[in-house]
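Analysis of the macromolecular model
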Amino acid sequence: MEAIGVLMTCPMSTDLEAELDKRFKLFRFWKFPEQKEFLRENSNSIRAIVGNATAGADASLIDSLPKLEIISSYSVGLDKIDLVKCKEKGIRVTNTPDVLTEDVADIAIGLILATLRRICESDRYVRSGLWKLGDFKLTTKFSGKRVGIAGLGRIGSAIAKRAEAFDCPISYYSRSEKPNSKYKYHSNILDLASNCDILVVACPLTAETRHIINREVIDALGPKGVLINIGRGPHVDEPELVSALVEGRLGGAGLDVFEHEPEVPEQLFGLDNVVLLPHVGSGTWETRKAMADLVIGNLEAHFLNKPLLSPVV
């Protein structure tokens, strides 16, 4: 397969990059400053794209590659890939579901605990020597809090399972009620926000879910409520979130994703009721290796005319 051209859209895992280099003719897209010229010169050599949650494949890139057969995404999210265009052209698409579910669910619980119990602030309190001057302030317990989950897919279900261990009543919102779910269903996000203490965003990013967390939803969650986002940044109307936190209309937030990553609103930096992570939900050695293996496995399956491991299109 060394002659098969694979376009990697941006830096991802160095291990994945090395393995792709061994097996295919790898083009590192970010290393070509004149990308349009590069595409013109190499368009007939590229039969596959490897993208991720940051840089996938839009219609323009897909149209510029007449020999493109498959897009293997190093991510579970597909919002950076034009799936309609792929279907029109018969281009296969794969992603990396399941292998990152546990890590992302773990980080969601970690964000809840860090936000409610002010773990990051407590750490700074000790490091700065303030403990010698007096005890840290009281915080808020997690056990027993009402947890609402927007999106009860693989990750949402794994978060619910973990929250149950804290004796938390679970409710959820999704496009339709899950027939075998034991959790309370709300048919709209506003009702969910009005009936939970902690709202976790875990749904796919689509046109319908973009800014699903708006001012109305934030106000329904209220000054004692906490928002946790481990989905995608654009799920949340970020300026509305910032203003609600600054004005005290929302109790706190734990955020692993942002609307314009890696840019983060500076107003959040000075807020002790906010925990900020650099999109590391799946960021463990074990999971990133499993994701890389799945990306390569899908590419090899395609070019060997075998069934894809995790097909989307």
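- An unreviewed UniProt entry lists the protein under the name D-isomer specific 2-hydroxyacid dehydrogenase, with Macleaya cordata given as the organism.
- UniProt, in its Sequence similarities (unreviewed entry) section for the protein, records the words "Belongs to the D-isomer specific 2-hydroxyacid dehydrogenase family."

1. Describing helix α1 (residues 14–23)
- Within α1 the residues assigned to the buried category are Leu16, Glu17 and Leu20. Seen end-on, α1 carries its buried residues on one side only, within an arc spanning 100°. Residues Thr14 and Lys22 are exposed on α1 and point more than 90 degrees away from its buried face.
- Packed against the buried residues of α1 are β1 (5–8), β2 (25–28), β3 (46–51) and α11 (285–303).
- One side-chain oxygen at the N-terminal end of α1 lies 3.2 Å from the backbone nitrogen of Asp15; it belongs to Ser13.

2. Things to note about α11
- In a regular helix each residue adds 1.5 Å, so 19 residues correspond to 27 Å; α11 covers 27 Å between its end C-alpha atoms and thus fits that length.
- Of the residues making up α11, those classed as buried are Thr287, Met291, Ala292, Leu294, Val295, Ile296, Gly297, Asn298, Leu299, Ala301, His302 and Phe303.
- Structurally, α11 contributes buried residues whose contacts are with α1, β3, β4 (70–73), β5 (92–94) and α5 (101–116).
- Looking one or two places after α11, you find Asn305, whose phi comes out positive at around 60°.

3. Quick notes on the sheet that holds strand β11 (residues 252–255)
- If you walk across this open sheet you meet the 7 strands as β8-β7-β6-β9-β10-β11-β12, and the pairing is parallel. Looking at strand neighbours, the two that pair on one side only are β8 (184–186) and β12 (274–276), the edges of this open sheet. Between one strand and the next, the sheet's axes are offset by a mean angle of 20°, whatever the strand orientation.
- Alignment of strand β10 (residues 226–229) against β11, held across 4 bridges, turns out to be parallel. Opposite Asn229, over in β11, you have Leu255 as the bridge partner.
- This element, helix α7 (residues 154–164), spans β6 (147–150), β7 (170–173) and β9 (198–201) of the sheet and lies at about 170° to β6.

4. What about unusual backbone geometry?
- Along the chain, Glu261 connects to Pro262 via a cis peptide bond; the corresponding omega equals 5°.
- Within the element layout of this structure, Pro262 appears in the loop between β11 and β12.
- Of note, the phi angle at Asp98 is positive, near 70°, even though the residue is not glycine.
- Assignment of secondary structure puts Asp98 in the loop between β5 and α5.
- On the accessibility criterion, Asp98 (47% relative accessible area) is partly exposed.

5. Things to note about the packing of α5 against α7
- Packing of α5 against α7 leaves a shortest axis separation of 9 Å and a crossing angle of 50°. One element, α5, and the other, α7, form an angle in the oblique class. Regarding α5 and α7, the two cross each other, and that crossing is right-handed. Contact residues: α5 offers Thr101, Glu102, Val104, Ala105, Asp106, Ala108 and Ile109, while α7 offers Arg154, Ile155, Ala158, Ile159, Arg162 and Ala163.
- Its residues assigned to classes, the contact of α5 with α7 comprises 8 nonpolar, 1 polar and 4 charged.

6. Some details on the pairing of β1
- Of the two faces of β1, the one lined by Gly5 and Leu7 and the one lined by Val6 and Met8 are each fully buried.
- Alignment of β1 against β2, held across 4 bridges, turns out to be parallel. Pairing of Gly5 across the sheet is with Lys25, part of β2.
- Each parallel crossover has a hand, and the one from β1 via α1 to β2 is right-handed.
- In this sheet, β3 lies alongside β1 in parallel orientation, the contact comprising 4 bridges. In the strand pairing of β3, Leu7 is matched with Ile49.

7. Describing the packing of aromatic side chains
- For the structure on display, the rule yields 7 aromatic pairs.
- Arranged with centres 5.2 Å apart and planes meeting at 50°, the rings of Tyr172 and Tyr185 form a pair that is tilted. Of this pair, Tyr172 sits in strand β7 while Tyr185 sits in strand β8, and the two are 13 residues apart along the sequence.
- An aromatic cluster is defined as three or more aromatic residues linked by ring pairs; in this entry it consists of Phe27, Phe29, Phe32 and Phe38.

So, how was this worked out
- Residues take numbers from 1 onward in each chain, read along the sequence in its written order.
- Confidence filtering applies because this is a predicted model: local features only for residues at pLDDT of at least 70, side-chain atom pairs given and counted only at 80 or more, and all residues used for totals across whole chains, interfaces and linings.
- Think of the side-chain values as coming from all heavy atoms in the structure, minus any hydrogens and water.
- UniProt positions are given in the numbering used here, feature names are shortened, and annotations may be inferred rather than shown by experiment.
- When a residue's accessible area, from a 1.4 Å probe over protein chains only, is under 20% of the maximum for its type it is buried; when over 50% it is exposed; and in between it is partly exposed.
- A helix here means a DSSP run of H or I that spans at least four residues, while a strand means a run of E at least two residues long, and both kinds are numbered starting from the N terminus.
- Arc definition: it is the arc formed by the directions from the helix axis to the C-beta atoms.
- By definition in these notes, contact holds between two residues if any of their heavy atoms fall within 4.5 Å.
- In protein, a polar contact requires one atom able to donate a hydrogen and another able to accept it; more generally it is a pair of N or O atoms within 3.5 Å, and residues adjacent in sequence count only if both atoms are side-chain atoms.
- In this analysis, the expected span of each helix is defined as 1.5 Å times one less than the number of residues it contains.
- Strand pairing follows a simple DSSP-based rule, namely that at least 2 bridges must link the two strands.
- All axes are obtained by fitting lines to C-alpha atoms, using only the stretch in contact for helices, and the reported angles, taken between N-to-C directions, cover 0 to 180 degrees.
- Working rule for angles: under 35 degrees goes down as roughly parallel, over 145 as roughly antiparallel, 65 to 115 as roughly perpendicular, anything else as oblique.
- Should the near helix be turned anticlockwise from the far one by less than a right angle, the crossing is termed left-handed; should it be turned clockwise, right-handed.
- Amino acid classes used here: Ala, Val, Leu, Ile, Met, Phe, Trp, Tyr, Cys and Pro are nonpolar; Asp, Glu, Lys and Arg are charged; the rest, including Gly, are polar.
- We call a crossover right-handed when, viewed with both strands directed away from the observer, the connection leading from the first strand over the helix to the second proceeds clockwise.
- Centres within 6.5 Å are what make two rings of Phe, Tyr or Trp a pair, Trp counting through its six-membered ring; a difference in plane orientation under 30 degrees is then read as stacked, over 60 as edge-to-face, and the rest as tilted.

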